[in-house]
Amino acid sequence: MDRVKLRTVLGSHPHVQAVKSGDIRSDRFDLDFIEYTPTNTAFKPMVREQAFDVCEMAIVTYLMARAHGKPLVLLPATMLGRFQHGYALYNPERGTLGPSDLEGKRVGIRSFTTTTGAWIRGILANDYGVNLDRIRWVTFEDPHVAEYVDTTERAPKDKKILQMLLDGELDAVLGETSNDARLKPLFADPAAEADKWYAHRGVVPVNHLVVVTEKLAKAHPDVVAGVYDLLKRSKAQAGPAATPDLVPFGIEANRKPLELIVDYAFQQALIPRRYAVEELFDETTRGLN
């Protein structure tokens, strides 16, 4: 049987280097890597055109794509997981600001539908009692899923998010980091807040997983299972996982973060209903652990 060649986009994460370098490979298929920098620029063509066979994808983008019937299938292979408290900034020149002070403020975010944004808004709403509808959201990019109707205020095209924060045109921003000494984290001690949140929730916020096209999943379910196995072997070769594991593999290891981000995405009207974890996978990927 001819070898299957798969157009593939994965970020340069340590736990996929063995696959990207060719140290670990399959005797059944080849991964033809296409580089996108940053990786999130590949999400839109994957959602809208199924431009690749295998692609890293933000989980909220996938949830929204699924809600709109896009022919994509999720693999329980985390490419990027991180605690989110360090990805929110404010400008102290305009006064001290904390997570509970955002109602009535102008808050910038690259796109309202980013996964980091959804995680942080979920934290603000569920752990700090913030009414998200009372925040004036300012965005800079379209959603990856074209069908989503974005009702936020759009920043002028020539404006940059951190510069607007420095200039006092925004009160805070989500999804950004900066070494600029003039900016401070919205959560006063992000690491301590993350530790406290993890102790309470027991969840590592997953940002990016992997999707394949439905066409590939239906035509070659064995290849899809093989892609997952390759990624899992690559992760094992990268050494022992951190504690907690920031890039969990398998349905059960990802169940709690997936349940929580589904909950947050539903609360924020990004998806029309709460999906059960099993609904996010197909016959082949549902059995992967």
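Structural data are supplied above this passage.
Would you explain the overall build of the protein in this entry?
Within the protein, the regular secondary structure consists of 9 helices and 11 strands. Each principal axis of the C-alpha distribution contributes one length, and for the protein these read about 65 × 40 × 35 Å. The burial tally for the protein puts 52% of its 289 residues in the buried class. Sequence separation of 24 or more characterises 78% of the internal contacts of the protein that already satisfy a separation of 6 or more.

Would you explain helix α6 (residues 190-201) in this entry?
It helps to recall that an α-helix has 3.6 residues per turn; residues three or four apart then point in one direction. Its 12 residues place the ends of α6 16 Å apart at the C-alpha level, agreeing with the 16 Å of an ideal helix rising 1.5 Å per residue. All of the buried residues along α6 are Glu193, Ala194 and Trp197. On an axial view of α6, the arc spanned by its buried residues comes to 100°, and they lie on one face. When the buried face of α6 is taken as reference, the exposed residues oriented beyond 90 degrees from it are Ala191, Asp195, Lys196 and Ala199.

Teacher, can you tell me more about the environment of Ile120 here?
Structurally, Ile120 is set in helix α4 (residues 115-128). Sequence spacing of Ile120 and Arg136 is 16 residues, and the spatial spacing of their C-alpha atoms is 15 Å. Residue contacts for Ile120: discarding those within four places in its chain leaves Gln84, Tyr87, Leu174, Gly175 and Phe187.

I would appreciate a short explanation of the environment of Gln237 in the present structure.
Along the chain, Gln237 falls in helix α8 (residues 221-237). Taking the C-alpha atoms as reference points, Gln237 and His15, 222 residues apart in sequence, are found 7.7 Å from one another. Those residues in contact with Gln237 that sit more than four places away from it in its chain are Ala18, Asp23 and Ile24.

Explain the side chain of Asn254 to me, please; I cannot follow it from the model alone.
Within the fold, Asn254 resides in helix α9 (residues 251-267). A residue is classified by how much of its surface remains accessible, and Asn254, at 0% relative accessible area, is buried. Among the polar contacts made by the side chain of Asn254, one reaches the main-chain carbonyl oxygen of Gly250 at a distance of 3.0 Å. Asn254 has contacts with Pro76, Thr78, Val206, Leu209, Pro248 and Phe249, leaving out every residue within four places of it along the chain.

It is not clear to me how the packing of α4 against α6 should be interpreted in this structure. Could you clarify?
Geometry of a packed helix pair, given as the angle between the helix axes and the separation of the axes. In the contact formed by α4 and α6, the axes pass within 13 Å of each other and the chain directions differ by 75°. Relative to α6, the element α4 is oriented roughly perpendicular. Contact residues: Trp119, Ile123, Asn126, Asp127 and Tyr128 in α4; Glu193, Trp197, His200 and Arg201 in α6. By residue class, the composition of the contact of α4 with α6 is 4 nonpolar, 2 polar and 3 charged.

I would appreciate a short explanation of the sheet that holds strand β2 (residues 29-33) in the present structure.
In a beta sheet, neighbouring strands are held together by backbone hydrogen bonds and run either parallel or antiparallel to one another. Across the sheet, which stays open at both edges, the 5 strands sit in the order β2-β1-β3-β11-β4 with mixed pairing between neighbours. Every interior strand has two partners, whereas the edge strands, β2 and β4 (72-81), have only one. Here the average twist between neighbouring strands, direction ignored, is 30°. Bridge count for strand β1 (residues 4-9) against β2 is 5 bridges, and the pairing is parallel. Looking at β2, one finds that Lys5 is bridged to Asp30.

Please clarify how unusual backbone geometry should be interpreted in this entry.
Excluding glycine, most residues fall at negative phi; most peptide bonds, likewise, are trans. Note that the residue after Thr37, namely Pro38, is joined by a cis bond; omega there is -10°. Note on placement: Pro38 falls in the loop between β2 and α2 (43-49). With an omega dihedral of -5°, the bond running from Thr243 to Pro244 counts as a cis peptide bond. Assignment of secondary structure puts Pro244 in the loop between α8 and α9. Backbone geometry places Gln50, a non-glycine residue, at a positive phi of 50°. Following the sequence through the fold, Gln50 ends up in the loop between α2 and β3 (54-58). Residue Ala269 is not a glycine yet carries a positive backbone phi of 60°. Tracing the sequence through the fold places Ala269 in the segment after α9.

The rules behind these values
Note that residues are indexed from 1 along each chain, following the sequence as it is written. For a predicted model such as this one, the threshold for reporting local features is a pLDDT of at least 70, and the threshold for listing and counting side-chain atom pairs is 80 or more; totals across whole chains, interfaces and linings nevertheless cover every residue. With hydrogens and water set aside, each side-chain value is computed from the structure's full complement of heavy atoms. In this text, helices come from DSSP runs of H or I with a minimum length of four residues, and strands from runs of E with a minimum of two, each type numbered from the N-terminal end. Whether a residue is buried, partly exposed or exposed follows from its accessible area with a 1.4 Å probe, protein chains only, as a fraction of its type maximum: under 20%, in between, or over 50%, in that order. Residues are treated as being in contact if the distance between any of their heavy atoms lies within 4.5 Å. To estimate the expected span of a helix, count its residues, drop one, and scale the result by 1.5 Å. Note that the arc is defined by the directions from the helix axis to the C-beta atoms. Contacts described as polar in this section are N or O atom pairs within 3.5 Å, which, within protein, must combine one atom able to donate a hydrogen with one able to accept it, while residues neighboring in sequence count only if both atoms come from side chains. Interaxial angle, 0 to 180 degrees, is taken between N-to-C directions of lines fitted to C-alpha atoms, where a helix line uses only the stretch in contact. Convention used here: angles under 35 degrees read as roughly parallel, angles over 145 as roughly antiparallel, angles from 65 to 115 as roughly perpendicular, and any remaining angle as oblique. Residue polarity follows a fixed list, in which Ala, Val, Leu, Ile, Met, Phe, Trp, Tyr, Cys and Pro are nonpolar, Asp, Glu, Lys and Arg are charged, and the others, Gly among them, are polar. Between any two strands, pairing holds if DSSP finds at least two bridges.

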